[in-house]
Amino acid sequence: MQMTAEAKSSNQSASKSGASREIFLPPERDRVKDGGKPHLSAKNFSIFYGDFEAVKKIEADILSKYVTAIIGPSGCGKSTFLRAINRMNDLIPSCYTSGSLMFDGEDVYGKYTDEVQLRRKIGMVFQKPNPFPKSIFDNIAYGPRLQGVKEKKVLDEIVEKSLRKAALWDEVKDRLDKNALGLSGGQQQRLCVARTLAVEPEILLLDEPTSALDPKSTAKIEDLIEELRGSYTIAIVTHNMQQASRVSDYTMFFYEGDLVEYAPTKQLFTNPRDQVTEDYITGRFS
Amino acid sequence: MNIGTRKILDRSFTAVGLTSILLMALALLVVVVPIVSGGIGAIFFKGTIEHRKLQLREFDNGNREVLDRQIAESEPYRQEVFRMLDAFAAELETFEPTRKREYSSKVSSVKDIVSHLLGPVPGEPEPILLRFQYGTTRWEKAEESLHDLMFVTKWDTSNPEEMGKQYFVPRVDEFAGTSLAALFPYIEENLEKMLLPEQTFYWGFLTERSLDAHIFGGVWAEIQGTLFLAIGAMLFAFPMGVIAAIYFTEYARENVFTSILRSANSTLAGVPSIVFGLFGLAFFINTIKVSDSKSVLAGSLTLAIMILPTIIRAAEEAILSVPKTYKEASIGLGSTKWRTIVTVILPAALPGIITGGIISLGRAAGETAPIIFTAAVSVGATIGLGDVLTSPTPALSWNIYNLASEHEAANEIRHVQYGMVLALISIVLLLNLSAILLRARISKKLKG
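Residues numbered from 1 in each chain as written. Chains lettered and ligands numbered in written order. Predicted model: local features only at pLDDT ≥ 70, side-chain atom pairs only at ≥ 80, totals over all residues.

As recorded in an unreviewed UniProt entry, chain B goes by the name Phosphate transport system permease protein PstA, listed as coming from Chlorobium phaeobacteroides. Of the comments in the UniProt record for chain B, the one headed Subcellular location (unreviewed entry) reads "Cell membrane". Heading Sequence similarities (unreviewed entry) of the UniProt record for chain B holds this comment: "Belongs to the binding-protein-dependent transport system permease family. CysTW subfamily." (UniProt positions renumbered as here; feature names shortened; annotations may be inferred.)

Labelled according to an unreviewed UniProt entry, chain A appears under the name Phosphate ABC transporter, ATPase subunit, originating from Chlorobium phaeobacteroides.

Visitor: Residues and numbers for the overall build of chain B, please.
Guide: Tallying secondary structure elements over chain B gives 17 helices and 6 strands in all. Here the C-alpha atoms of chain B give a radius of gyration of 31 Å, more than 25% beyond the 22 Å that 2.2 N^0.38 yields for 448 residues. Considered along the principal axes of its C-alpha atoms, chain B spans approximately 105 × 70 × 50 Å. Burial analysis of chain B (448 residues in total) assigns 36% to the buried set. (Helix = DSSP H or I, 4+ residues; strand = E, 2+ residues; numbered from the N terminus. Rg over C-alpha atoms; globule rule 2.2 N^0.38 Å. Buried ≥ 20, exposed ≤ 12 C-beta atoms within 10 Å, placed from the backbone.)

Visitor: Break down the packing of helix 6 (residues 185–197) of chain A against helix 7 (residues 215–228) of chain A for me, with residues and values.
Guide: All names here are of chain A. Their axes nearest at 9 Å, the elements helix 6 and helix 7 cross at an angle of 20°. Compared by their axis directions, helix 6 and helix 7 come out roughly parallel. Handedness of the helix 6/helix 7 crossing: right-handed. Across from G185, G186, Q189, R190 and V193 in helix 6, the residues of helix 7 making contact are K216, S217, K220, I221 and L224. Of the residues that constitute the contact of helix 6 with helix 7, the class distribution is 3 nonpolar, 4 polar and 3 charged. (Axes fitted to C-alpha atoms, helices over the stretch in contact; angles between N-to-C directions. Parallel < 35°, antiparallel > 145°, perpendicular 65-115°, else oblique. Left-handed = near helix turned anticlockwise from the far one by under 90°. Contact = placed C-beta atoms within 7 Å. Nonpolar A, V, L, I, M, F, W, Y, C, P; charged D, E, K, R; others polar.)

Visitor: Outline the sheet that holds strand 6 (residues 122–125) of chain A, listing residues and values.
Guide: All names here are of chain A. Ordered by their spatial adjacency, 6 strands build an open sheet running 6-7-8-3-9-10, and the pairing between neighbours is mixed. In the strand order of this sheet, the two ends are held by strand 6 and strand 10 (258–264), each with one partner. Strand-to-strand twist in this sheet, taken as the mean axis angle between neighbours without regard to direction, amounts to 20°. Here strand 6 runs beside strand 7 (residues 203–207); their pairing, made up of 4 bridges, is parallel. Considered in strand 7, the bridge of I122 is made with I203. (Pairing = 2+ DSSP bridges.)

Visitor: So what's going on with the domain arrangement of chain B? Residues and values would help.
Guide: By the assigned domains, chain B splits into domain 1 (47–201) and domain 2 (220–447). Distance between the C-alpha centres of domain 1 of chain B and domain 2 of chain B: 50 Å. (Domains from an automatic or database assignment.)

Visitor: Just give me the short version of the UniProt feature "transmembrane region" (unreviewed entry) in chain B, but keep the residues and values in it.
Guide: Residue and element names in this part refer to chain B. Feature annotation in UniProt places "transmembrane region" (unreviewed entry) on residues 20–45, 227–248, 268–288, 295–315, 338–359, 371–389 and 418–438, given in this structure's numbering. Measuring from the first to the last C-alpha atom of residues 227–248 gives 30 Å, for a span that is 100% helix and 0% strand. Along residues 338–359 one finds 100% helix and 0% strand; the C-alpha atoms at either end are 27 Å apart.

Visitor: Outline the interface of chain B and chain A, supporting the account with residue identities and numerical values.
Guide: With 16 residues of chain B in contact, the opposing surface of chain A contributes 25 residues. Within the residue set of the side of chain B that touches chain A, elements represented by two or more residues are helix 13 (324–332), helix 14 (337–366) and helix 17 (414–447) of chain B. With 6 residues, helix 13 of chain B is the single largest residue contributor to the side of chain B that touches chain A.

Visitor: Got a sec to walk through the packing of helix 12 (residues 296–320) of chain B against helix 14 of chain B? Specific residues and values, please.
Guide: Residues and elements named next belong to chain B. Running from N to C, helix 12 and helix 14 point in directions that differ by 150°, and their axes come no closer than 8 Å. As far as their axial angle goes, helix 14 and helix 12 are roughly antiparallel. Helix-helix and strand crossings are classified by hand; for helix 12 and helix 14 the assignment is right-handed. Seen from helix 12, the contacting residues are L303, I307, T310, I311, A314, A315, E317, A318 and I319; seen from helix 14, they are I345, A349, G352, I353, T355, G356, G357, S360, R363 and A364. Looking at side-chain class alone, the contact of helix 12 with helix 14 contains 11 nonpolar, 6 polar and 2 charged residues.

Have a look at this one:
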């Protein structure tokens, strides 16, 4: 793929690596301040499970402070790609990568990259809400404590700030010492967002964050993404195309490990360049 | 399959399952009821004045004034018995030699029984063994002795084809026509007044040391030894087991070496405990010499090796059952692997780990074979905490066996054996109960 955020041909292997990338910004009214710089740059980036190439030679930039949706049918490699960004795939022993994935000028898979430090800058929210079986306070304070924050006052501030950002503060402020597993599914997921925000990451990865939630909670999470847009670079994997079109500025369409099309969301949904993309977004297969 | 057959099959399976459970419960009842009733008999029984004398003199328990009053009350009846024996001794002198020899042997067994009942006969030299310094301390034993006094046990061996048959002859017949004939009805009549039995609640059975090899006293030394050994084993096995489980679940790569380690662990769990006992003797005592001979330390180490596989397995299961999502969440927040294990995985796995640990603790408390060669002595004093590195100790499991099979007066002290069994079962039950409660508490905390 030659250009970020531009419609690309389906034949990815034909692309020339190293070609200059043109950045398409959204219309003026949708632009965010200081946004639009390549925050993550994949060059010839492939991910393997053993012999199986799950994600094939991706060439793409994810732009700072915008929301990028990653869509595609099951097993297309979209989650694998997302989890590769903060090296969660390290937990799978047979998984390895080739090519490069740069984050702020540093290779994510570089020899001297500290993946623990990296994950503090690239936070992740998972498909199923996964709060720790601890109090709400301890859940949020988990990340800051890892970084050595011990003072109760500082932690209190971080907890409140994070919960406010995740639009959960008003619902839980009176029961911060209660176990987080007592919250509803939607609240738990927002708690997970708050927990990730408490670490003050630069990038927020959301792996199908609403697939386990009811419509009302889903709407709240979507509102939350809207709120966070412009402050964080967000990449969201979703099965739900309406959601992708609602919350994202850019959309990546994955199919069988290939990045088939990557364009501003409106363009991708209204005027897809690729036949496969069109078939998918019109629901001919899923 | 048609619906009728299916229903019949379902019902018959229910019936079979229920029957087997009921049979099991019945078997348990058959075993537990005698143990519990026998064990309670060690603590709650009709104690005679001899029991109270013993308690006051050896343990300084009881009320001296009350006892003195009771002694004064019982003494006249006892004096009468001794007077009759003295009178007969005088009478014996008048008998012709053959008759005298015959009766002196007969009267000496009477004297034996009387001193067994009432304590040493005045005028005889003070016995050295404590067991002969007091009469019968338990009323039901006194009744047995009374029967022995009243009747001579004889064996009918006239028919060589059959086993000898036991029959009883009144002892009074042997002394018919002598002055001693009056002794038997007198004792039968007045034994209660001589021994003054009272319902006794002997709590000291659990807290006092034994006297004269468990003839008298309690089983505290054994209880304490059992606790030392079990807790000592836990101190070694629990941390090691948890660390090994963490290694297996979080660090070990799936390769030949790991699978050899795993199967070695499973095999170790199936090794008979006596083998561990011999290993403990050969390795801990003879080879690396943790102590010169048997010691609590050597026994604890042996028990630790024995329970280690169980703890590893339980901890492994518990760690594996922690949802992967917890780990992902923690790693995703920028936590290191070790930090994730300590702050997220272990707390979530704790109920399972503790359950495995306490079940192993119960097993360590109950095992006999591993400590025979490494820690247990049949009769021993209570040891202090400072002696655990060098001293052996009595322990419930081993002493139950020892008292039942090797003690010279095994038949006389059945109540002690039952009491020990009950104490051991109670300890194991208490441990398991605390495991259940602890587990429930932590689970509740985790679930919120």
